[in-house]
Amino acid sequence: MDKTDIKALNLQELTSFLTELGEKGFRAKQIYQWLHVRQVQSFCEMTNIPKALIQKLEEQCVLTALKIEAVQVSKQDGTRKYLFALADGNVIESVLMRYKHGNSVCISSQVGCRMGCRFCASTLDGLVRGLTPSEMLDQIYRIGCDIGERISNVVVMGTGEPLDNFDNLLRFIELLCDENGLHISQRNVTVSTCGIVPRMRELADRKLQITLALSLHAASQEKRQGLMPVANRYALPEVMEACRYYFAQTGRRVTFEYSLVAGVNDTAEDAEGLSALVAGMNCHINLIPVNPISERKYRQPDGRAVVEFKNKLEKNGRNVTIRREMGRDIDGACGQLRKRYVRNLQEREEG
Ligand code: SAH
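Structural notes on the sheet that holds strand β6 (residues 102-106)
With mixed pairing, 10 strands are arranged side by side in an open sheet as β3-β4-β5-β6-β9-β10-β11-β12-β13-β14. Only two strands of the sheet have a single partner each, and these edge strands are β3 (67-73) and β14 (320-322). Across this sheet, the average inter-strand angle for adjacent strands is 20°, counted without regard to direction. As judged from the 3 bridges shared by strand β13 (residues 283-289) and β14, these two strands associate in the parallel manner.

As for the nonpolar core
Of all hydrophobic cores here, the largest spans 97 residues; its most connected members are Ile6, Ile31, Met46, Phe172, Leu176 and Phe256. If you tally residues by element for this core, the top one is helix α5 (residues 166-177), at 8 residues. Lining this core are residues from two domains, each supplying at least three of them: domain 1 (4-62) and domain 2 (67-350). Excluding its chain neighbours within four sequence positions, the residues that come into contact with phenylalanine 256 are Leu214, Leu216, Met240, Cys243, Val278, Met281, Cys283, His284, Ile285 and Asn286. Judged by nonpolar contacts, the second largest core, of 5 residues, contains Met97, Cys106, Val155 and Met326.

Some details on a nonpolar patch on the surface
Taken together, the side chains of Ile68, Val71 and Val73 present a nonpolar region at the surface, about 190 Å² in accessible area. As for its placement among the helices and strands, valine 71 is situated in strand β3.

Digging into the pairing of strand β12 (residues 254-260)
Summarising burial for β12: 7 of the 7 residues are buried, a large majority. Across the two faces of β12 the burial is the same, with Val254, Phe256, Tyr258 and Leu260 and Thr255, Glu257 and Ser259 all buried. Here strand β11 (residues 211-215) pairs with β12 via 3 bridges, running parallel. Opposite serine 215, over in β12, you have glutamate 257 as the bridge partner. Running through helix α9 (residues 268-277), the crossover from β12 to the neighbouring parallel element β13 is right-handed.

Focus on unusual backbone geometry
Positive phi, close to 60°, is recorded for histidine 183, a residue that is not glycine. Looking at the element boundaries, histidine 183 is found in the loop between α5 and β10 (189-193). Under the relative-accessibility criterion, histidine 183 is labelled partly exposed at 44%. We note that lysine 207 has phi near 55°; this positive angle belongs to a residue other than glycine. Structurally, the position occupied by lysine 207 is in the loop between α6 (197-205) and β11. Note on lysine 207: relative accessible area 46%, which makes it partly exposed.

Let's talk about the domain arrangement of the protein
Taken domain by domain, the protein comprises domain 1 (4-62) and domain 2 (67-350). Computed over C-alpha atoms only, the centres of domain 1 and domain 2 are separated by 33 Å. Taken together, the contact pairs 14 residues of domain 1 with 15 residues of domain 2. It is Lys7, Tyr32 and Gln39 that lose the most area in domain 1 upon contact with domain 2, and together they represent 41% of the buried surface on that side. Across the domain 1-domain 2 interface, the total number found is 2 salt bridges. With a shortest N-O distance of 2.7 Å, arginine 171 and glutamate 13 are connected by a salt bridge. Linking domain 1 with domain 2 are 8 residue pairs in polar contact (both at pLDDT 80 or more), by the criterion used here. Those elements that place two or more of their residues in the side of domain 1 that touches domain 2 are α1 (11-20) and α2 (26-36). A per-element tally of the side of domain 1 that touches domain 2 places α2 first, with 4 residues.

Cut-offs and rules
Residues numbered from 1 in each chain as written. Predicted model: local features only at pLDDT ≥ 70, side-chain atom pairs only at ≥ 80, totals over all residues. Heavy atoms only, no water. Pairing = 2+ DSSP bridges. Helix = DSSP H or I, 4+ residues; strand = E, 2+ residues; numbered from the N terminus. Axes fitted to C-alpha atoms, helices over the stretch in contact; angles between N-to-C directions. Core = buried A, V, L, I, M, F, W, Y, C linked by side-chain atoms within 4.5 Å. Buried < 20%, exposed > 50% of the residue type's maximum accessible area, 1.4 Å probe, protein only. Domains from an automatic or database assignment. Contact = heavy atoms within 4.5 Å. Patch = residues over 30% accessible without salt bridge, like charges linked within 9 Å, V, L, I, M, F, W, Y side chains within 5 Å. Areas by Shrake-Rupley, 256 points an atom, 1.4 Å probe, with all protein chains shown as cover. Salt bridge = Lys/Arg side-chain N within 4 Å of Asp/Glu carboxyl O. Right-handed = clockwise from strand over helix to strand, strands pointing away. Buried area = accessible area lost by both parts, 1.4 Å probe. Polar contact = N/O pair within 3.5 Å; in protein donor to acceptor, adjacent residues only side chain to side chain.

In structure tokens, the structure reads:
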């Protein structure tokens, strides 16, 4: 029999689980606190739980606890990149960004990714598997414990396509925002998608207060297809309609992410196209100079071109920011730390 992943249960399920073991209901709240507030890494740390029950839990449950494999710290802005080892030996990456308004963690939702975006390092080796809700949560818990500070914002923008791991994502958000746990406000959670239309609509129907970010990267279907294979499955008009639907259902304005690639999507014409595409929408545009990866030829436009692109959008009345690049000095694009680690391992095994 598979062991129960205890950190993926909500309080109600944990209560039923314990009742079935013949335990009293109040134990559920105690254990839930140990897991999600104190964020312990083993059952034996639960000091107000009787030994006999701890033994039962150890027999029947797994307690997901990620291991910090490596940390890179930026000397410029205190950004910290974490490499975590999962129980099955896979590794994932998460990033802590420190802002004036609080600590923000960017988590991975999958090991690898199968979306194939041309400029992205995380997708080069394909998808290994989706992360469990507890593996998503524990990235935040471990980082919070490591720095000894509260995490107030979470962005699901690391490796993976969150809407390709939909049920686990929803459970993760439920637990993350639960008042009995870490209790992060839904408004402080952002989920970024490459545009899986049916799932965007399903998410909208849940009427959560989280922010949806759409990776747009081009204002025409043709250009988008050249950058993102997912565009072959869901055409731009459908994707935009799903964004409008998200706003209609939730009242939350959508963020559009637009990675600027020199000579590909950074012309004045592109800026006009983007302006027109989002006309009349209550939205925000986030410009990100593309982070070059060694496997592809994509380059960033120079700083002036980025500002010109932004100015053009602003002149048209669009709401736009250039994403501050955090941790430039520890960089390499998203997913590079994990990739380097995996490659090193492979070389060691081959050598
Ligand atoms: N799969 C989701 C979330 C993970 S990617 C999505 O596509 O939105 C998070 C964001 O980083 C996306 O907007 C993605 O397009 C962008 N991104 C990936 N690689 C990048 C790179 N090398 N430079 C700039 N942005 C990149």
